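Summary of structural features
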Amino acid sequence: MFHRFIKTLASAACFAAFAGPALAQDSKVADELAKYREALADGNPADLLEVKGEGLWSEKRGPRSASLEQCDMGLGPGKLDGAYAQLPKYFKDTGKVMDVESRLVHCMVTLQGFKPEEVTKNWYSRPGTESDIEALVTFIGAKSNGKPINVPATHPEEAKMVKMGEYIFYRRSGPQDFSCAICHGQDGKRIRLQDLGNLTTKEGAGVAMKTWPSYRVSQGAVWTMQRRLIDCMRQARWPEPNYLADSIIALETYLQKTATGTVMETPGIKR
Amino acid sequence: MKTKAASFSSLVAALGIALATPALAQKAAEAPGGQYAREAEQMFRTSFRADNPTYWMTRLEQDETMKTCLQYRDNPPRKIGEKLERLNKATVRYPVDGKLIGDWKEGEKLAAVGTGGHIGFIQPDPAGRLRGGNCYACHELAKKEIAYGTIGPSLREFGKIRGKDEGTIKYVYDKIYNSNAFTACTNMPRFGLHSWLTPEQITHIVAFLIDPESPVNKD
């Protein structure tokens, strides 16, 4: 945890140096930096959520009064070390390629007896409403910290999801002619002052994928990968895809395959 | 019969690529999604709530330009690019009074606005929120604004460098109205085609770029 904190400090220093000249003229950047520093004072706020998630994982909950300790995230029941880093993957029991969030919901439904609409109601937090899913995903993610992302997509269903994710990545539509690729298909670009990763390369996808779930200073909340990608589509001025939609899982599979080999640093902290 | 004609024309297109740009031929070999493209489109379309307003869902429609750009990863062979450019050129509409250069001060405001047009349930824009050109997201413009993006080229001192003759004014208007009239599959949105900006608003951004008094060209 301490090591991670130092890394966060270093990246914040880079951010500050980069944004420095803008301060005099752009008070928004200054506000962001202030929030950034405030957040850093006690380490990454996501660490608290990680602890909460750990509690939720082992607590007996739901109509069946069961914990999630027998949940199989792809490495066997209850095996969480490195589980996040090897998702999404194909699961025989459901016949589907699932990401960490769809698998978690599957476990909450099958092991604990919750109704799907019940557990996904608060899939993201709002001011005054916490999200169990965010906490659990932060906890599961942290169990892959230091592990390389490993989604080779060798199963035919996984390979197919990679191709379908690639299709969605390049698909343009809407009143701004956007696709993921127009911002994330080239090296060394930025939007306003925000650096943009080239998600078609291992390096770019690696930097993007290794730090999720991530505490977002500008949002005051931890975002999961589903939340991140659904919000990208909102920013593209499209309607929001449903939570756990296959097209989001396809994009994740495409990005994780591209990022494969990159060592996870999660939970992250971002703008 | 129809299939035959289609496969013949795609064969011709494929030959065209091979002949025109041998370096790109390999890259253009497979469209994104490969054999699963059709299924991926279906999957994407069914990812949304069935009770979404119709006008939201129309934002998922693709015109010929969007479809073709997807197929070629925004890098179409020149012949196909030229066809798209002609198609897009024909869509440009002008203000009723015919004046293509407006008020640079209005243009300056529009260049900085990046909000508007967000839909959905999580964080939609309030109805009627100003939609801007959001030019600074991708371009350097006035010297004083240093929070600019680099997806597009720098346009600092555009008017100083390119002049303010009628041809340049028309070019800038047309480019903002429909960027694909000049470069098929460019990253730049087609602001006029989608009615994201009105013709009048476009004339203001033209002025922001070209007027010698605009901060793009002064200081």
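Residues numbered from 1 in each chain as written. Chains lettered and ligands numbered in written order. Predicted model: local features only at pLDDT ≥ 70, side-chain atom pairs only at ≥ 80, totals over all residues.

Bringing the overall build of chain A into the picture now. When its secondary structure is counted, chain A shows 11 helices and seven strands. Residue burial in chain A is summarised as follows: out of 271 residues, 49% are buried. If you take every contact in chain A between residues at least 6 apart in sequence, the share linking residues at least 24 apart comes to 69%. (Helix = DSSP H or I, 4+ residues; strand = E, 2+ residues; numbered from the N terminus. Buried ≥ 20, exposed ≤ 12 C-beta atoms within 10 Å, placed from the backbone. Contact = placed C-beta atoms within 7 Å.)

Residue and element names in this part refer to chain A. Along the chain, proline 213 falls in the loop between α9 (202-209) and β5 (214-216). As for proline 213 and methionine 225, which are separated by 12 residues in sequence, their C-alpha atoms are 6.3 Å apart. Apart from residues no more than four positions distant in its own chain, proline 213 is found in contact with Ala46, Val137, Thr138, Gly141, Val222, Trp223, Thr224, Thr266 and Pro267.

Further remarks concern the confidence of the model for chain A. Confidence in the prediction for chain A averages 89 pLDDT; 85% of positions are at 70 or higher. Note on residues 1-26 of chain A: pLDDT is under 50 here. Beyond four places in sequence and across chains, it has 24 contacts. (pLDDT = per-residue confidence, 0-100.)

All names here are of chain A. The step from leucine 87 to proline 88 runs through a cis peptide bond, and the omega angle for that step is 0°. As for its placement among the helices and strands, proline 88 is situated in the loop between α3 (46-58) and β1 (89-91). Each neighbour pair has its own omega, and for threonine 266 with proline 267 the value is 0°, a cis peptide bond. Relative to the helices and strands, proline 267 resides in the loop between α11 (246-259) and β7 (268-270).

Moving on to the interface of chain A and chain B. Listed per partner, the contact involves 39 residues of chain A and 46 residues of chain B. Listed by contribution, the elements that provide at least two residues to the side of chain A that touches chain B are α7 (156-170), α8 (180-184), β3 (189-191) and α11 of chain A. When residues of the side of chain A that touches chain B are assigned to their parent elements, the largest contribution, eight residues, is made by α7(A). Class assignment for the residues of the side of chain A that touches chain B results in 19 nonpolar, six polar and 14 charged. (Nonpolar A, V, L, I, M, F, W, Y, C, P; charged D, E, K, R; others polar.)

Time to look at the packing of α9(A) against α11(A). Residues and elements named next belong to chain A. It is the contact of α9 with α11, at a shortest axis distance of 7 Å, that shows an interaxial angle of 115°. One way to sum up the angle between α9 and α11 is to call them roughly perpendicular. The two elements α9 and α11 meet at a crossing, and its hand is left-handed. Contact with α9, carried on its side by Lys202, Ala205, Gly206, Ala208 and Met209, involves Leu255, Gln256, Thr258 and Ala259 of α11 and no other residues of that element. (Axes fitted to C-alpha atoms, helices over the stretch in contact; angles between N-to-C directions. Parallel < 35°, antiparallel > 145°, perpendicular 65-115°, else oblique. Left-handed = near helix turned anticlockwise from the far one by under 90°.)

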